[in-house]
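Structure at a glance
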Amino acid sequence: SQTIHQWPATLVQPVGSPLSLECTVEGTSNPNLYWYRQAAGRGLQLLFYSVGIGQISSEVPQNLSASRPQDRQFILSSKKLLLSDSGFYLCAWSDVHYEQYFGPGTRLTVT
Amino acid sequence: GQSLEQPSEVTAVEGAIVQINCTYQTSGFYGLSWYQQHDGGAPTFLSYNGLDGLEETGRFSSFLSRSDSYGYLLLQELQMKDSASYFCAVRSDSGNTPLVFGKGTRLSVIA
């Protein structure tokens, strides 16, 4: 069966510090991968998606970036965090395109 | 542009039936999905409608009318554990385009 992992579960970082969030998927090959951000009580904002290794599409211009160094690994990064980067970050994967499976999420607080 | 409209909040009594509506305006349409998200958790897939009509999965049903650009999620025999946010999402094509999510409906089930 397929499993998606995200870490860390929670993170508190000062403004201006770097960020690296990692997501890995097990049990499937060549998945589509997604990074979303969710503010408290709000909807899902798609940040990046990837249909293959090294292929990244950015949905929202910001100080975040994403990379896919391996088929089942998706990384979200920032060189310098802003207060507005606080939120709940969710990684998701899909192979059958109408169904997405979400990871447990990382709750990021920028102080 | 792409837009999905769903009520922001709904309150219903335990044991009752509740319907959460979703109307959409998207550049393409291939199907409508529903996701459930409990507080602090990740969204989980509930149902998908690719064709007009009703899909039933236990206490949950989902309906689609492509001609009206409208769908709904029906929850029967409400339980306290159904208190959560519910998101509709549109698949706009048969390719790799990501789902477009609505802003979510927060359902509160009261005794």
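Everything below is about the structure printed above this text.
What comes next is a walk through the structure. (Residues numbered from 1 in each chain as written. Chains lettered and ligands numbered in written order. Predicted model: local features only at pLDDT ≥ 70, side-chain atom pairs only at ≥ 80, totals over all residues. Heavy atoms only, no water.)

Before going further, it helps to examine the overall build of chain A. Each helix and strand counted, chain A has 0 helices and 11 strands in total. Listed by position from the N terminus, the elements making up chain A come as β-β-β-β-β-β-β-β-β-β-β. Along the three orthogonal principal directions, the C-alpha set of chain A runs to about 35 × 25 × 20 Å. Within chain A, residue pairs in contact and separated by at least 24 positions form 54% of the contacts whose partners lie at least 6 positions apart. For chain A, the accessible surface area stands at approximately 5200 Å², while carbon and sulfur atoms represent 52% of it. Taking the average location of the 7 positive side-chain charges in chain A and that of its 7 negative ones, the two points are 12 Å from each other. (Helix = DSSP H or I, 4+ residues; strand = E, 2+ residues; numbered from the N terminus. Contact = heavy atoms within 4.5 Å. Areas by Shrake-Rupley, 256 points an atom, 1.4 Å probe, with all protein chains shown as cover. Lys, Arg positive; Asp, Glu negative; His and termini not counted. Charge placed at Lys NZ, Arg CZ, Asp CG, Glu CD.)

Turning next to the state of the cysteines. Throughout the structure, instances matching the rule amount to 2 disulfides over all chains. In this model, cysteine 23 of chain A is linked to cysteine 91 of chain A through a disulfide, with the two sulfur atoms separated by 2.0 Å. Torsion about the S-S bond of the cysteine 23 of chain A and cysteine 91 of chain A cystine: about -75°, corresponding to left-handed handedness. Here cysteine 91 of chain A lies in strand E9 (residues 87-94) and cysteine 23 of chain A lies in strand E3 (residues 19-26), a separation of 68 residues in the sequence. Residue class for cysteine 23 of chain A comes out buried when judged on its relative accessible area of 1%. The exposure class of cysteine 91 of chain A is buried, given its relative accessible area of 0%. Two residues, cysteine 22 of chain B and cysteine 88 of chain B, share a disulfide whose sulfurs are 2.1 Å apart. (Disulfide = S-S within 2.5 Å. Buried < 20%, exposed > 50% of the residue type's maximum accessible area, 1.4 Å probe, protein only.)

Regular strands place side chains that alternate from one sheet face to the opposite one. Inspection of the sheet shows strand E7 (residues 64-70) of chain A paired to strand E8 (residues 73-78) of chain A by 5 bridges, in the antiparallel sense. Residue leucine 64 of chain A lies in a different strand from E8 of chain A, and its bridge partner there is serine 78 of chain A. (Pairing = 2+ DSSP bridges.)

All names here are of chain B. The strand order E1-E3-E8-E7-E6 describes an open sheet built from 5 strands, whose pairing is antiparallel. Every interior strand has two partners, whereas the edge strands, strand E1 (3-5) and strand E6 (53-57), have only one. Averaged over all adjacent pairs, the angle separating strand axes in this sheet is 15°, with direction ignored. One ladder, built from 6 bridges, connects strand E3 (residues 18-25) with strand E8 (residues 70-75); its direction is antiparallel. Bridging across to E8, valine 18 finds its partner in leucine 75. (Axes fitted to C-alpha atoms, helices over the stretch in contact; angles between N-to-C directions.)

Glancing now at the interface of chain B and chain A. On the side of chain A, 20 residues touch chain B, which itself brings 18 residues to the contact. It is Asn96, Pro98 and Phe101 of chain B that lose the most area in chain B upon contact with chain A, and together they represent 31% of the buried surface on that side. At the boundary of chain B and chain A, one finds 0 salt bridges. Our enumeration of links across chain B and chain A arrives at 2 residue pairs in polar contact (both at pLDDT 80 or more). Contributing elements (two or more residues each) for the side of chain B that touches chain A: strand E4 (31-37), strand E5 (44-49) and strand E9 (84-91) of chain B. In terms of residue count, the dominant contributor to the side of chain B that touches chain A is E4 of chain B (3 residues). In terms of residue class, the side of chain B that touches chain A is built from 9 nonpolar, 7 polar and 2 charged. (Buried area = accessible area lost by both parts, 1.4 Å probe. Salt bridge = Lys/Arg side-chain N within 4 Å of Asp/Glu carboxyl O. Polar contact = N/O pair within 3.5 Å; in protein donor to acceptor, adjacent residues only side chain to side chain. Nonpolar A, V, L, I, M, F, W, Y, C, P; charged D, E, K, R; others polar.)

The subject of this paragraph is the pattern of salt bridges. Residue and element names in this part refer to chain A. Evaluation of the coordinates by the stated rule reveals 4 salt bridges over all chains. Taking the shortest distance from any N to any O, the salt bridge between arginine 37 and aspartate 85 comes out at 3.5 Å. Of this pair, arginine 37 sits in strand E4 (residues 32-38) while aspartate 85 sits in the loop between E8 and E9, placing them 48 residues apart in sequence.

A separate point is the sheet that holds E3 of chain A. Residue and element names in this part refer to chain A. Read from one edge to the other, the open sheet built from 4 strands follows the order E1-E3-E8-E7, with strand pairing classed as antiparallel. Edge positions in the sheet fall to strand E1 (3-7) and E7, since each has one partner strand and no second. Taking each pair of neighbouring strands and ignoring which way they run, the sheet shows an average axis angle of 15°.

A separate point is the side chain of serine 50 of chain A. Within the fold, serine 50 of chain A resides in strand E5 (residues 44-52). Setting aside its immediate chain neighbours within four residues, serine 50 of chain A contacts Pro31, Asn32, Leu33, Gln55, Ile56, Arg68 and Phe74 of chain A.

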